[in-house]
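The lines below spell out each chain.
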Amino acid sequence: MSAAPTAAEADGPASPRYAPRILSAEQATRDVALLRRALETVHPGLYRYAAKTELDAAFARLEAVAAAPVSELALHAGIARLLAAIHCDHTKAEMSEGLTAYRTGNPTHLPLRFQLIEGRMIVLSNDGQAGAPPVGSEILAINGMAVPVLLLKLAPLVSYDGTTDQAIAAKLADDSDLMGDDFNENYPALFGFPDSWRIEWKPVGGQQAATATLRPIRFAQWTTLAGPGARYRSEFYNAVTWRISGKAARLGIDTFVNYRNPVQATAFLGGFFAAMKEAGTEHLILDLRNNGGGSEDVSVALGRYLIGRPFTWSLPVRYKAVRYGDLPQYFETWGNREARFNPPLAAFTRTADGWYDRIPVLSGTQVSDGDTTFEQQPIAALGFTGRITIISGPRNGSGATRTIAQLREKAGAAVIGEDSAGSAEGPTSGSIFLMTLPASGIRVRIPEAWNRTAIANFVPGKGVAVDQLVVPTLADLEAGRDRAISVAQGLLPARSMTAERLSGAFAGTWTGTLDYRDYGDDTRTTLPAVMQGDGLTLSWTFADGLGKTVRSSETWAVDPAGQRVTISGGDSVPSLWRVAEARASADGSSLTIVLDGTGAENGRTVMARKVLTRDGNRLRITKQTRVAGEPFIMRQSYELHR
């Protein structure tokens, strides 16, 4: 937790209230028409993951928003929703300069950091205000809106690549592309700037909720709070950690961004690989979980040390267009504008379907643009030839995902953790154009190129799937342990799911609570509960708060291969679950089981996940559900002690 606000911060003059700026229908319509023309002209991935009919419908919805006088915040929300429908993580809306100045100069941010874990909003840090929810507590509602309702309203505004919607939960809590995260970026667009944050919270599994009314904080203060990912807008030179222990080494790189304060990446990494060679390191753990990408020179430098033969990183860059008419007057970009907007047509090959492929030009020539990723890369003198394990997760994207894909295919790296977001086959990015819409001032990032990864194995629309799943749990957070590192080190191997192991976890009499989310309004109810575990039969007793006692039971059955679990009980249809992860500590005191399945909620089919954790005399069983395009949200959870 960071330090409490100073007296000046606490007692200073009240911030000026935000005065909404209203755009006429004519102004908003002109901005939307210009945006559509720019996307259809420039964007190489406009219809890559979304059918034209789907985007036509999304444009129609935005045009309807602009058909009447509209506030700049409401228009921003509509544009963000449209851009998210493209499913390109490099295509996002930024607020106008005026709104950005207001947000920078005035307190508007949530005065805490959170992580969505097991489908709950868990507090990671706060700014020290009196009554603030403590670290480890769960937020139930914000400004009168239940957290599930709020998350499902914000989720459609979150951009991510392809079908990697596991990124939504990560981006809502942490996104350096925006003003901190997608929650703080998009909450004002939907609900305005709050004068205060009214937070309803309780301890995980607790029966009594509390409400705190907290002052917003400035963005600069928000960036100092401890969050779930890397430090806000960190850079390659200060985002590298490493250690060597025996014959194993661990290298963490939280970002590949190397253009604000650049260093020579190959030389910068050389000291680490020299130390590994001297120590005789046999196993490298490359922790990229917090890495969202950045500069290709860092990725390629890693490849030189870790791929044991000369390699090619990229295929020729592909463009939808290389001439943009009058659009460049609305665009900002880096580098030479003339070279960017009027490159010689002889520098491209026109494909049969109308695309433009950049003709590779060898480095060292007068016409080279400095891109060497399509050239064969030499291996480094201190190249590592041992075993490589990469830790990945949903914060990965862009160049980080490309790096994981390259090292798996070309260096035989094993990947553990959670599936990456991003695009293994290559994102639409390049020299991203920042377009300013004249009337609203809203700025839109429009990628101009498709950077194609030189790999043979990928699933279109996906990042990189893990070889071993390691799901972060509340039990891990509470215990302060990093199971992904333990798995990478070989200290926590996968265990076969057996009836004996499962019945051992359930055995005995357990007391605690059942916490569930209402199917109608998403509010939360907590009931005292007792569970008797007898083999694989669980007998439950609940006090419903109205003087009634409710009893039920369910039976878990494990198939002989330990790959499936069937849960049946009462009049309900038995549910079938796939064992996605099963791990136990060597002494058996800690157990983690993750089951994936499907279910039905309010007339729709949902993806479901059960997470069972046992730590000594503490047992938690949580069910989460979602559909595509949504984050997992907790449906019910048992918090039990023996």
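For clarity, every value in this text was computed on a predicted model and none was experimentally measured. (Residues numbered from 1 in each chain as written. Predicted model: local features only at pLDDT ≥ 70, side-chain atom pairs only at ≥ 80, totals over all residues. Heavy atoms only, no water.)

Caption draft 1: Representation of the overall build of the protein chain. If you tally the helices and strands in the protein chain, you get 16 helices and 35 strands. Its C-alpha atoms give the protein chain a radius of gyration of 26 Å, near enough to 26 Å, the size a compact globule of 642 residues would have. Per-residue burial for the protein chain yields a buried fraction of 54% across its 642 residues. Within the protein chain, contacts between residues separated by at least 24 positions form 67% of all contacts whose residues are at least 6 apart in sequence. Carbon together with sulfur atoms contributes 53% to the accessible area of the protein chain, which is approximately 26,300 Å² in total. Positive and negative side-chain charges in the protein chain, numbering 66 and 66 respectively, have mean positions lying 2 Å apart. (Helix = DSSP H or I, 4+ residues; strand = E, 2+ residues; numbered from the N terminus. Rg over C-alpha atoms; globule rule 2.2 N^0.38 Å. Buried < 20%, exposed > 50% of the residue type's maximum accessible area, 1.4 Å probe, protein only. Contact = heavy atoms within 4.5 Å. Areas by Shrake-Rupley, 256 points an atom, 1.4 Å probe, with all protein chains shown as cover. Lys, Arg positive; Asp, Glu negative; His and termini not counted. Charge placed at Lys NZ, Arg CZ, Asp CG, Glu CD.)

Caption draft 2: Broad picture of the packing of helix α3 (residues 52-65) against helix α4 (residues 72-86). Interaxial distance between α3 and α4 falls to 10 Å at its minimum, and their mutual angle equals 180°. With respect to α4, the axis of α3 lies roughly antiparallel. Of the residues in α4, those touching α3 at Leu55, Ala58, Phe59, Leu62 and Val65 are Ala74, Leu75, Gly78, Ile79, Leu82, Ala85 and Ile86. In the contact of α3 with α4, the residues fall into 11 nonpolar, 1 polar and no charged. (Axes fitted to C-alpha atoms, helices over the stretch in contact; angles between N-to-C directions. Parallel < 35°, antiparallel > 145°, perpendicular 65-115°, else oblique. Nonpolar A, V, L, I, M, F, W, Y, C, P; charged D, E, K, R; others polar.)

Caption draft 3: Quick peek at the sheet that holds strand β34 (residues 618-626). Read around the closed barrel, 10 strands run β26-β27-β28-β29-β30-β31-β32-β33-β34-β35, paired in antiparallel fashion. Averaged over all adjacent pairs, the angle separating strand axes in this sheet is 25°, with direction ignored. Taken together, the 6 bridges between strand β27 (residues 524-534) and strand β28 (residues 537-543) define a ladder with antiparallel strand orientation. Along β28, the bridge assignment pairs Asp534 with Thr537. (Pairing = 2+ DSSP bridges.)

Caption draft 4: Geometry of helix α8 (residues 182-191). The buried fraction of α8 amounts to 8 of the 10 residues, a majority that puts the element mostly inside the structure. Within α8, burial applies to Asp182, Phe183, Asn184, Glu185, Asn186, Tyr187, Pro188 and Ala189. With a side-chain oxygen positioned 3.3 Å from the backbone nitrogen of Phe183, the residue opening α8 is Asp181. One or two positions beyond α8, positive phi appears at Gly192, with a value near 85°. (Polar contact = N/O pair within 3.5 Å; in protein donor to acceptor, adjacent residues only side chain to side chain.)

Caption draft 5: Inspection of the pairing of strand β11 (residues 248-253) at higher detail. Note: strand β10 (residues 240-245) against β11, 6 bridges, orientation antiparallel. By the bridge assignment, Arg243 is partnered in β11 with Arg250. In this structure, the hairpin formed by β10 and β11 is closed by a connection of 2 residues, where Gly246 is found at a positive phi of approximately 65°. As paired elements, β11 and strand β12 (residues 283-287) share 5 bridges and run parallel to each other. Opposite Arg250, over in β12, you have Ile285 as the bridge partner.

Caption draft 6: Just the pattern of salt bridges, in detail. Throughout the structure, instances matching the rule amount to 43 salt bridges. The salt bridge partner of Arg36 is Glu40, with a shortest N-O separation of 3.0 Å. Within this pair, Arg36 and its partner Glu40 are both found in helix α2 (residues 25-42), separated by 4 residues, close to a single helical turn. Looking at Glu40, the relative accessible area reads 29%, which means it is partly exposed. For the salt bridge of Glu478 with Arg618, the shortest nitrogen-to-oxygen distance reads 3.6 Å. In this pair, Glu478 sits in helix α14 (residues 474-479) while Arg618 sits in strand β34, placing the two residues 140 residues apart along the sequence. Given the relative accessible area of 30%, Arg618 is considered partly exposed. (Salt bridge = Lys/Arg side-chain N within 4 Å of Asp/Glu carboxyl O.)

Caption draft 7: Quick look at the sheet that holds strand β15 (residues 331-332). Read across the sheet, 4 strands follow the order β3-β23-β22-β15 without closing on themselves; strand pairing throughout is antiparallel. Lying at the two open borders of the sheet, with one neighbouring strand each, are β3 (93-94) and β15. Where β3 and strand β23 (residues 443-446) come together, 2 bridges link them in antiparallel fashion. The residue bridging Ala93 from the neighbouring strand is Val444, located in β23.

Caption draft 8: Structural context of the side chain of Thr428. Checked against the element boundaries, Thr428 lands in strand β21 (residues 428-429). Overall, the relative accessible area of 3% leaves Thr428 in the buried class.

Caption draft 9: Structural context of the pairing of strand β4 (residues 112-117). In terms of burial, β4 is a largely internal element, 6 of the 6 residues being buried. Alternating residues of β4 divide into Leu112, Phe114 and Leu116 and Arg113, Gln115 and Ile117, and every residue in both groups is buried. Note: β4 against strand β5 (residues 120-126), 6 bridges, orientation antiparallel. In the sheet register, Phe114 faces β5, and the bridge partner there is Val123. Counted along the chain from β4 to the antiparallel partner β5, the turn is 2 residues long, and its residue Glu118 has a positive phi close to 55°.

Caption draft 10: Just the side chain of Arg517, in detail. Among the structural elements, Arg517 can be located in strand β26 (residues 508-517). Relative accessible area serves as the criterion here: at 6%, Arg517 is assigned to the buried category. Setting aside anything within four residues of it in sequence, one finds Arg517 in contact with Pro148, Asp522, Thr523, Arg524, Thr625, Ile633, Met634 and Arg635.

Caption draft 11: View of the nonpolar core. If you look at the biggest cluster of nonpolar residues, it comprises 41 residues, and the most contacted ones within it are Ile253, Phe273, Leu284, Leu286, Leu302, Leu306 and Ile390. Residue assignment for this core shows that the elements contributing at least two residues are β11, α10 (265-279), β12, α11 (296-306), β19 (387-392) and α13 (398-411). Counting residues per element, this core draws most heavily on α11, which supplies 6 residues. If we skip the residues at most four places from it in the chain, Leu284 touches Ala249, Leu251, Phe272, Phe273, Met276, Leu306, Phe384, Arg387, Ile388 and Thr389. Ranked by size, the runner-up nonpolar core spans 34 residues in total, among them Ala38, Val70, Leu327 and Phe433. (Core = buried A, V, L, I, M, F, W, Y, C linked by side-chain atoms within 4.5 Å.)

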